[in-house]
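Chain residues, written in single-letter form:
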Amino acid sequence: MRIHHPAGTHAYLVSDPDKAVRTKKGMAYLVSFWARTANMDEPGIFYWEAKGAASSPGQWPIHPSEQWTLHKYEIHEGVDFFADNAAEIFLAFRPARSQTPEQTLWIDDVVVTEVKTTKSPLVDERKLEYAPLQHRLKPGEKFEMTIDANKRIGPAVPQAAGESFHRLAGYGRHPWNIDTKEYVLEAKLEQAIRDAKLPLTRFYATGVEPWPIEQTLDIMAQFMDKLNIPRQWTIIELETQGADEKLSPEFWARAVAHSKTKGYEFRFWEIANEPYTRKATAFDTPDDYVAHLIACAKAIRAVQVDAQIGIGIHSTAQGWGNYILKQAAGYYDFVVGHYYCPAGSSDFEQAALTANFEMLDHILMINALIDTYNPDRDVYQLDTEWGVTGIGGQGPDAAWRRSNIYAAMHRAVRMIYYAREGMLRGAAGWEMFSRAHDGRKPGLAFLTRDFPDKAFMNYWVYYYFNRHVGKYALDIEGTAPWRYVKPEKSSGPQTPTLVTLDEGGRRMYFVIANASWDNDAPCVVNLANFIPGAAAGVVLTQQDRDAPGLVDSVRDVTRDLPVELSGQKLSFTVPSHSVVFITVDAK
């Protein structure tokens, strides 16, 4: 059979749904076929499609060859999929891993065999027990809260509002130009990053920059100092962005040894960037990645005993999530999920609330899975890329929703829960820089070299958020209007709220996101064990849901928020589709 993939398309072939493989518990499915390709530079992909399942039970590259080559793959029930979740599976072939090239794939003699599995089953994620997402607020007609300064949930998570770099050199030709090796970042953008007070960041492809790894780490350490980003909260990944090449454990150890010798305090080492993607060719199978991670972890810890090793998972793919967490248990310290969140529609509350609540619940489930496989170790999550995607809309300006009030509200809601509930120890959103000229669609943008005097709405959320996270997260007792959707765990308050207290107990901070597009939210706060003396607030908003995310001045999207004090009571109104930031000083 000949499958042709014209350049710039997304051609693929799926087996007849009427002749699906009907799976059984405790069985494995072996597939074999012969294949040859026309384009020697572009691998194809074979994968299983599972009817009704969230992800593929398995996928593998078809390495290009002009000669007919036999390919054999296998998937196991209870490991790669569960039969009651993927009762029917189909065979799927893609001639090319990306849309760009032209490619032709020939396949022949396709055979599927059912045998008993030889692998022990994984924990079934659907049956894990874990505490539900805590909203603190309860459903009610009024938005009213009681905050007791002595009722502390625990330390807040200031590392919730970090932002991820791409590379030191490479994408976008900045901060260093990859061709000239010159530093090109404008002083205005340096200052903007410092002003964001970022508590955490991340770089990938550090080991393939145009300098020796030692010089690259020297440059990175100096760069973090210049931007006032803590080195000890800088997450470093060495291998290529697309996981099409891996670096040896000895190379990883060499990098770590240099960092340790220089006293750079780098401690987070993330092994591979998204090793699970269909474009990734360094790891044909999850087992390939597990073996690489274990080898790198051993090499790194031989040099730096307290190093923190990160494993990259596809949290909804059983083989690249559940399976590798089990197989590599004991060798990783933090888990990277890249919790990008599809908005699902152009509905503002769906993008800001429902999509977030579903993702936050999923993150809690992954925590339970991590704990199951690591019962005697302190293993946690650090998300090194995240943002909102898939926001619908009509017209040429709808692309701005990835970086305007839509995205800003989504991020504010997510970071409120991250900082308050502590399901992650840190998160770096995507992305530090984007392009915004010549009609380019902005990415999930923060800043841009195309307009160094401007910043995206995403940036301004971080700017204010990082100024309004105190030492301790406070409990919240009260009510708020509710967004009700199915399933129930996707419901929650229209006004997610974070309240924190500084270390001395003299300053209280509020971050409140009103995700209703139409309704203002009058609020009354009753304070206990805290006597307010002064309060000031700021509103961040845009009135057009398709307004440019790149704003000329912060004054165009902010205004003062009046806050009334009466004894131990605060009164104010959170405008519709806005995020407010309030500081209250004790008398």
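Quick note: structure is the one above.
Residues numbered from 1 in each chain as written. Predicted model: local features only at pLDDT ≥ 70, side-chain atom pairs only at ≥ 80, totals over all residues. Heavy atoms only, no water.

Peer 1: Lay out the overall build of the chain in plain terms, naming residues and giving numbers.
Peer 2: Helices and strands together make up the secondary structure of the chain, namely eight helices and 36 strands. A compact globule built from 587 residues should have a C-alpha radius of gyration of about 25 Å, and the chain, at 25 Å, falls within 12% of that. Each principal axis of the C-alpha distribution contributes one length, and for the chain these read about 80 × 55 × 55 Å. Looking at the chain residue by residue over its 587 residues, the buried ones come to 59%. Sequence separation of at least 24 residues holds for 79% of the intrachain contacts in the chain that already meet a minimum separation of 6. Summed over all atoms, the accessible surface of the chain reaches about 23200 Å², with 48% contributed by carbon and sulfur. Within the chain, one finds 62 positive and 73 negative side-chain charges whose respective centroids are separated by 2 Å. (Helix = DSSP H or I, 4+ residues; strand = E, 2+ residues; numbered from the N terminus. Rg over C-alpha atoms; globule rule 2.2 N^0.38 Å. Buried < 20%, exposed > 50% of the residue type's maximum accessible area, 1.4 Å probe, protein only. Contact = heavy atoms within 4.5 Å. Areas by Shrake-Rupley, 256 points an atom, 1.4 Å probe, with all protein chains shown as cover. Lys, Arg positive; Asp, Glu negative; His and termini not counted. Charge placed at Lys NZ, Arg CZ, Asp CG, Glu CD.)

Peer 1: Can you break down the side chain of H135 residue by residue, with the values?
Peer 2: Topologically, H135 is positioned in the loop between strand 9 (103–116) and strand 10 (138–139). Looking at H135, the relative accessible area reads 12%, which means it is buried. Reaching out from H135, the side chain makes a polar contact with the side chain of Y417 at a distance of 2.7 Å. Once you skip the residues sitting within four places of it in the chain, H135 turns out to touch F357, Y417, R420, W482, S491, G492 and P493. (Polar contact = N/O pair within 3.5 Å; in protein donor to acceptor, adjacent residues only side chain to side chain.)

Peer 1: Any chance you could break down the nonpolar core for me, citing the residues and the numbers?
Peer 2: Judged by nonpolar contacts, the single largest core of 127 residues is most densely connected at F165, I193, I311 and F465. Ranked by size, the runner-up nonpolar core spans 29 residues in total, among them A521, L561, V574 and I582. (Core = buried A, V, L, I, M, F, W, Y, C linked by side-chain atoms within 4.5 Å.)

Peer 1: Outline the sheet that holds strand 13 (residues 162–163), supporting the account with residue identities and numerical values.
Peer 2: Strand pairing in a sheet relies on backbone hydrogen bonds. The paired strands run either parallel or antiparallel. Pairing is parallel in the open sheet, where eight strands are placed in the order 13-22-20-18-17-16-15-14. Pairing within the sheet leaves two strands with one partner each, and these edge strands are strand 13 and strand 14 (201–203). Note that strand 18 (residues 334–336) and strand 20 (residues 380–383) share two bridges and pair parallel. Within strand 20, the position partnered with V335 by the bridge is Q381. (Pairing = 2+ DSSP bridges.)

Peer 1: Give me the environment of Q191: which residues, what numbers.
Peer 2: Relative to the assigned elements, Q191 resides in helix 1 (residues 187–195). In the structure, Q191 is positioned 35 residues away from K226 in sequence and 9.4 Å away in space, judged by C-alpha atoms. Polar contacts involving the side chain of Q191 include one to the side chain of R194, which spans 2.9 Å.

Peer 1: Can you break down the packing of aromatic side chains residue by residue, with the values?
Peer 2: Taken as a whole, this structure holds 35 aromatic pairs when the rule is applied. Judged by centre distance (6.3 Å) and plane angle (45 degrees), the rings of Y29 and F81 are tilted. One end of the pair, Y29, is in strand 4 (residues 27–37); the other, F81, is in the loop between strand 7 (69–76) and strand 8 (88–94), with 52 residues separating them in the sequence. Y29 sits in the buried class, given a relative accessible area of 1%. (Phe/Tyr/Trp six-rings, centres within 6.5 Å; stacked < 30°, edge-to-face > 60°.)

Peer 1: Quick one: what's the story with the pairing of strand 16 (residues 268–271), residue by residue and with numbers?
Peer 2: A two-sided burial pattern is seen for strand 16, the buried positions comprising F268 and E270 on one face and W269 and I271 on the other. Summarising the sheet, strand 15 (residues 234–236) and strand 16 pair through two bridges and their orientation is parallel. Paired with I235 across the two strands is F268, which belongs to strand 16. As defined by bridge partners, strand 16 adjoins strand 17 (residues 308–312) across four bridges and the pair is classed as parallel. Across the sheet, the residue bridging to I271 is I311, located in strand 17.

Peer 1: Summarise the pattern of salt bridges; cite the residues concerned and give the values.
Peer 2: Evaluation of the coordinates by the stated rule reveals 31 salt bridges. Put simply, R126 and D124 hold a salt bridge, and the shortest N to O gap is 2.9 Å. Between R202 and E270 there is a salt bridge, and its shortest N-O distance comes to 2.9 Å. Pair noted here: R202 is in strand 14 and E270 is in strand 16, with a separation of 68 residues, a long-range link. In this pair, the class of R202 matches that of E270, namely buried. If you follow the salt bridges from partner to partner, you end up with R136, R420, E421 and D475 in one network. (Salt bridge = Lys/Arg side-chain N within 4 Å of Asp/Glu carboxyl O.)

Peer 1: Explain the sheet that holds strand 33 (residues 558–561) to me, and be specific about the residues and the numbers.
Peer 2: Taken in spatial order, the seven strands line up as 12-24-28-29-36-31-33 in an open sheet, and their pairing is antiparallel. Looking at the sheet topology across the chains shown, the edges are occupied by strand 12 (152–155) and strand 33. Strand-to-strand twist of the sheet, defined as the mean angle between neighbouring strand axes without regard to direction, takes the value 25 degrees. Here strand 31 (residues 532–541) pairs with strand 33 via four bridges, running antiparallel. The residue of strand 33 that forms the bridge with G537 is L561. The strands that helix 7 (residues 405–421) touches are strand 12, strand 24 (472–474), strand 28 (497–501), strand 29 (507–514), strand 31 and strand 36 (578–586); relative to strand 29, the one it contacts most, it runs at about 135 degrees. Contacting strand 28, strand 29, strand 31, strand 33 and strand 36, helix 8 (residues 457–465) runs over the sheet at an angle of about 170 degrees to strand 31. (Axes fitted to C-alpha atoms, helices over the stretch in contact; angles between N-to-C directions.)

Coordinates in, geometry out; function isn't part of it.
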